[in-house]
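The lines below spell out each chain.
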Amino acid sequence: MLRRPVATGEPPSPIAPPSGCRFRTCCPRADQRCAAEMSELREVAPGQLAACHHPLT
């Protein structure tokens, strides 16, 4: 069974979103790449899309 990481930290501000990935402030998998650049939406499994540098697979 795949265990999903639990979001921690602060949710992103809709008024002043952070740089890079908007959810990096509450993502346990976030790193420097997430702070520097947005990820592109891509298919990570058949019929499953994600815009994440570190999608769960």
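Check the entry above for the structure.
Residues numbered from 1 in each chain as written. Predicted model: local features only at pLDDT ≥ 70, side-chain atom pairs only at ≥ 80, totals over all residues. Heavy atoms only, no water.

Draft legend 1. Region of the structure containing the side chain of His53. When you line up the elements, His53 lands in the segment after strand S2 (48-50). Polar side-chain contacts of His53 include one of 3.0 Å to the backbone oxygen of Glu37. With near-sequence residues (within four places) excluded, His53 lies in contact with Arg33, Cys34, Glu37, Met38, Ser39 and Arg42. (Helix = DSSP H or I, 4+ residues; strand = E, 2+ residues; numbered from the N terminus. Polar contact = N/O pair within 3.5 Å; in protein donor to acceptor, adjacent residues only side chain to side chain. Contact = heavy atoms within 4.5 Å.)

Draft legend 2. The arrangement of the environment of Pro11 in detail. Tracing the backbone through its elements, the reader meets Pro11 in the segment before helix H1 (32-36). Sequence separation of Pro11 and Arg22 is 11 residues, and the distance between their C-alpha atoms is 8.9 Å. Setting aside chain neighbours within four positions, we find Pro11 in contact with Thr25 and Cys26.

Draft legend 3. Fine view of the pairing of strand S1 (residues 42-45). Strand direction decides the pairing type here: S1 and S2, joined by 3 bridges, are antiparallel. Within S2, the residue paired with Ala45 across the bridge is Gln48. Between S1 and S2, which follow one another and run antiparallel, lie 2 residues, and Gly47 among them has a positive phi close to 80°. (Pairing = 2+ DSSP bridges.)

On their own, these measurements won't tell you what the molecule is for.
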